[in-house]
Amino acid sequence: MTIAEALSGKSVLSGRSVTVQVPATTANLGPGFDTLGLALAHHDHLQVSVRDEPGVTVEVHGVGEGVVPTDETNLVVRALIHAFAAYGQELPGLNLIAHNEIPHGRGMGSSGAAIVAGIMAAKGLLEGIVDIDAEALLALATEMEGHPDNVAPALFGGLTIAWMTPDGPRHKKLMVHRGVKPLVFVPEHAMSTALARSLQPESVPHEDAVFNLSRSALLIAALIQSPELLLAATEDKLHQSYRAAAMPETNRLITLLREHGFAAVVSGAGPSILVLASDPGQRLVAAELVAAESETPWQALMLAVDVLGATVTRTER
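Residues numbered from 1 in each chain as written. Predicted model: local features only at pLDDT ≥ 70, side-chain atom pairs only at ≥ 80, totals over all residues. Heavy atoms only, no water.

*Asks:* Tell me about the overall build of the protein chain, and name the residues and values.
*Replies:* The secondary structure content of the protein chain amounts to eleven helices and eleven strands. With respect to the three principal axes, the spread of C-alpha positions in the protein chain is 70 × 40 × 35 Å. For the protein chain, the residues scored as buried account for 51% of the 317 residues in total. Contacts spanning at least 24 positions in sequence make up 74% of the contacts within the protein chain whose residues lie at least 6 apart. (Helix = DSSP H or I, 4+ residues; strand = E, 2+ residues; numbered from the N terminus. Buried < 20%, exposed > 50% of the residue type's maximum accessible area, 1.4 Å probe, protein only. Contact = heavy atoms within 4.5 Å.)

*Asks:* Can you explain the nonpolar core? Please cite residues and give values.
*Replies:* As a rule of thumb, nonpolar side chains are buried together in soluble globular proteins. Membership of the largest hydrophobic core comes to 70 residues, with the highest contact counts inside it found for Leu46, Leu96, Met108 and Val116. Counting 18 residues, the second-largest nonpolar core is a separate cluster that includes Phe185, Leu253, Leu257 and Leu289. (Core = buried A, V, L, I, M, F, W, Y, C linked by side-chain atoms within 4.5 Å.)

*Asks:* An account of the pairing of strand 3 (residues 56-62) is requested, with residue identities and associated values reported.
*Replies:* Remark: a regular strand shows side chains that alternate across the two faces of the sheet. With seven bridges connecting them, strand 3 and strand 4 (residues 93-100) associate as parallel partners. Among the inter-strand pairings, Glu59 is bridged to a residue of strand 4, identified as Ile97. On the question of chirality, the crossover connecting strand 3 to the parallel strand 4 by way of helix 2 (residues 75-86) is left-handed. (Pairing = 2+ DSSP bridges. Right-handed = clockwise from strand over helix to strand, strands pointing away.)

*Asks:* I'd like to hear about unusual backbone geometry, residue by residue, with values.
*Replies:* Geometrically, the link from Gly270 to Pro271 is a cis peptide bond, its omega value of 5 degrees lying close to zero. The residue Pro271 is located in the loop between strand 8 (264-266) and strand 9 (273-277) in this model. Notably, Asn28 is not glycine yet its phi reads approximately 80 degrees, a positive angle. By relative accessible area, Asn28 is classed as buried at 3%. The backbone phi angle of Asp34 is positive, close to 60 degrees, even though this residue is not glycine.

*Asks:* Residues and numbers for the sheet that holds strand 10 (residues 298-302), please.
*Replies:* Spatially, 8-9-7-10 is the arrangement adopted by the four strands of the open sheet, whose pairing is antiparallel. At either end of the open sheet lies a strand with only one pairing partner, and these are strand 8 and strand 10. When the angles between neighbouring strand axes are averaged without regard to direction, this sheet yields 25 degrees. In terms of strand pairing, strand 7 (residues 181-187) meets strand 9 through five bridges, oriented antiparallel. Across the sheet, the residue bridging to Phe185 is Ile273, located in strand 9. Against the sheet, helix 10 (residues 248-259) makes contact with strand 7, strand 8, strand 9 and strand 10, and its axis sits at roughly 160 degrees relative to strand 8, the strand it touches most. (Axes fitted to C-alpha atoms, helices over the stretch in contact; angles between N-to-C directions.)

Rendered as structure tokens:
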């Protein structure tokens, strides 16, 4: 801080502004419960500017407008506060403008994206003052989210394997085969992640655990090398059947899609459905099937894999 800034009471960050882009994510991918995640090219955008007045203002446009908090209880703001506090930095006055595309409560990683947006904004604002590296970003995000399977692909893009160690979360990013084409069916109704997790049993049969181990290993091979194996590789016995009663239409459509040869699974905690198609034409056929057989409206999002993950750009005003 310069003498002039100290005398004026201005923050050392005065005049700084950042723009953040964060992708949607889909976790589990069938058998990879709490481990595998995929970044999708469907984004939330955030602009954060430092202002001289204390406090935080929040504008929300798009998804969540008029619904999500616009004060310091906003999840993006909480993530910003968390990151600044972790490095002993005083939070300046901030103006936030969010333009959201990721559906809320639909199993596409909206809460993880909000957390990542706030932490990436903090990284950009503190550039040159504090170095927040990739490992620290993942640790900060996981502290807030509780598990790394959604925040890892949101941060780093592509296909991620995430796991916990005594020293914190770790991840490995892999590039997805160019033949893999994600399709997400999004319903009008939401699903509570907490409710979905509450339906999970404390233990599972040994043979089910072995079944999922084999499918998870196969899924990695299918996603990075052999898309023709996706249907077999997305079989699961650990979580989807236990949650089926809470999402009957999701379960019915997944069963229907799989009977027709599509690699369909619950996206995250649901109720959205992820189809991992092996070519663009297969996505069109799947979309036509759901449109003809669904009992309620579903939006079909034909998306690419986001290979970059979250980005932050800093500008001086």
